[in-house]
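Each chain, written out:
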Amino acid sequence: MEKTATADAGAPATTSTRGILGDASLPFVLRRVAPGPETQGRIERHWSTRWDLRGRDPHVQRILPHPSVNLVVYGGIVRVHGVPTGIDGRPLQGHGCAIGTKFRPGAFAALTPLPPAALRDAPVTLERAFGPDGRALEEELLDLAPDEDAVWAAVERFVAPRIRDRDPVFALVRAVAADMLGRSPDARIPDIARDHAVSPRTLQRAFRETIGVSPKWVLSRYRLHVAAERLAGDPEPDLADLALELGYADQAHFTGDFRTTVGVTPAAYARACRAAGSLTST
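All figures in this text were calculated on a predicted structure; none of them were measured in a lab.

A. Representation of the overall build of the protein. A tally of helices and strands in the protein yields 11 helices and nine strands. With respect to the principal axes defined by its C-alpha atoms, the protein has extents near 55 × 55 × 30 Å. Within the protein, buried positions represent 48% of all 282 residues. Of the contacts formed within the protein by residues at least 6 apart in sequence, a portion of 73% connects residues at least 24 apart. For the protein, the accessible area works out to roughly 12,900 Å², and carbon and sulfur atoms hold 52% of it. Computing the positive centroid from 35 side-chain charges and the negative centroid from 34, the protein places the two 4 Å apart.

What follows is the structure in structure tokens.
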């Protein structure tokens, strides 16, 4: 898999580049680009992926999603994808591309009247998310695709004037999400809340209102991203040591959490990665 990236020189990262699961030997080209200065506080990054599977079997690309909303142009349609609670599987065949914008955790809530729960596990049209302006944006994006730079520029023109000057709830969520990325995997929500001078209940409410999931869910998701990366990169992982390093009480809890979310045990995932020669960090 070819990978290119442009670093975001503005606001601190609130999501990592982990989370892509499966066979990295397939002919994908993944591009990541930082947003412009007017929108970098709300947009984490723009991205695109192109594939050519002609002459090969269809492929389902599995993703362990981030706590972010994505606006995606793919296959002649435009959709807003909320925060999936489980694995996100994207069926791919032939050749094509997907062009997207990943918003920072909690950022999308101020742009739409829809509650975060309405976006979770069910993509919605731009018209439903934004009303008539969304329908006009969808038509513009479909006209511009597959020119990814033009699509991203149009999204930024749409988002920039809709950003609130003051949004203290989102500011808290963004700061905490960035903090979570740098914390040790055994971090605890009460400690994080204390360090941001709020109560755990206040933090819980802020995350529910803006992301639609709890702070504990986000922290657990970031921890599983680390776990998947470590399992893919270590041919013989010591699962008991990894469980303790990640902050689990024991290997059994780690195995249960990983299997519930990813669908296989850590040992099975490590074996599959060895067999495919794949990496999850893209």
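After presenting the structure, the write-up continues.
B. Spatial organisation of unusual backbone geometry. With an omega of 10 degrees, the peptide bond running from Ala145 to Pro146 counts as cis. With respect to the helices and strands, the residue Pro146 is situated in the loop between helix H3 (132-144) and helix H4 (148-159). Positioned with a positive phi, Ala197 is a non-glycine residue whose angle comes to about 60 degrees. Its place among the elements puts Ala197 in the loop between helix H6 (189-195) and helix H7 (200-210). The class for Ala197 is exposed, based on a relative accessible area of 71%.

C. Representation of helix H5 (residues 168-182) in the model. Between its first and last C-alpha, H5 extends 22 Å over 15 residues, near the 21 Å set by a 1.5 Å rise per residue. Every buried residue of H5 is accounted for by Phe170, Leu172, Val173, Val176, Ala177 and Met180. Down the axis of H5, the buried set is contained in an arc of 155 degrees. They therefore lie on one face. In this structure, H5 carries Pro168 and Gly182 as exposed residues pointing more than 90 degrees from its buried face. Where the residues of H5 are buried, they touch H6, H7 and helix H8 (215-233).

D. Seen up close, the pairing of strand S9 (residues 95-103). The buried fraction of S9 amounts to seven of the nine residues, a majority that puts the element mostly inside the structure. Relative to S9, strand S4 (residues 43-52) runs antiparallel, the two sharing nine bridges. What sits directly across from Arg45, in S9, is Lys102.

E. Examining the pattern of salt bridges more closely. Going through the model one piece at a time under the given rule, you end up with 16 salt bridges. Ionic pairing is found between Arg31 and Asp149, a salt bridge with its closest N-O pair at 3.1 Å. Here Arg31 is found in strand S3 (residues 28-33), whereas its partner Asp149 is found in helix H4, with 118 residues between them in sequence. Residue classification places Arg31 among the partly exposed positions, given a relative accessible area of 25%. Between Asp191 and Arg194 there is a salt bridge, with the nearest N and O atoms lying 3.2 Å from each other. Taken together, the positions of Asp191 and Arg194, both in helix H6 and three residues apart, correspond to about one turn of that helix. The exposure class of Arg194 is exposed, given its relative accessible area of 53%.

F. Up close: the side chain of Asp167. Of note, Asp167 is situated in the loop between H4 and H5. With relative accessibility at 13%, the residue Asp167 sits in the buried group. Setting aside anything within four residues of it in sequence, one finds Asp167 in contact with Arg42 and Ala110.

G. View of the packing of aromatic side chains. One pass over the full model with this rule turns up seven aromatic pairs. One aromatic cluster is present, built from ring pairs that chain together Phe103, Phe108, Phe130 and Phe158. Between Arg42 and the ring centre of Phe170, over which it is positioned, the NZ or CZ distance is 4.0 Å. The ring centre of Tyr248 lies 3.9 Å from the NZ or CZ of Arg223, which sits over that ring.

H. Representation of the pairing of S4. Counted residue by residue, S4 has eight buried out of 10 residues, so it is predominantly covered. Pairing analysis gives six bridges linking S3 to S4, with the strands arranged antiparallel. Across the sheet, residue Arg31 finds its bridge partner in S4, namely Ser48.

Analysis parameters
Residues numbered from 1 in each chain as written. Predicted model: local features only at pLDDT ≥ 70, side-chain atom pairs only at ≥ 80, totals over all residues. Heavy atoms only, no water. Helix = DSSP H or I, 4+ residues; strand = E, 2+ residues; numbered from the N terminus. Buried < 20%, exposed > 50% of the residue type's maximum accessible area, 1.4 Å probe, protein only. Contact = heavy atoms within 4.5 Å. Areas by Shrake-Rupley, 256 points an atom, 1.4 Å probe, with all protein chains shown as cover. Lys, Arg positive; Asp, Glu negative; His and termini not counted. Charge placed at Lys NZ, Arg CZ, Asp CG, Glu CD. Expected span 1.5 Å × (residues − 1). Arc of directions from axis to C-beta. Pairing = 2+ DSSP bridges. Salt bridge = Lys/Arg side-chain N within 4 Å of Asp/Glu carboxyl O. Phe/Tyr/Trp six-rings, centres within 6.5 Å; stacked < 30°, edge-to-face > 60°. Lys NZ or Arg CZ within 6 Å of the ring centre and 35° of its normal.

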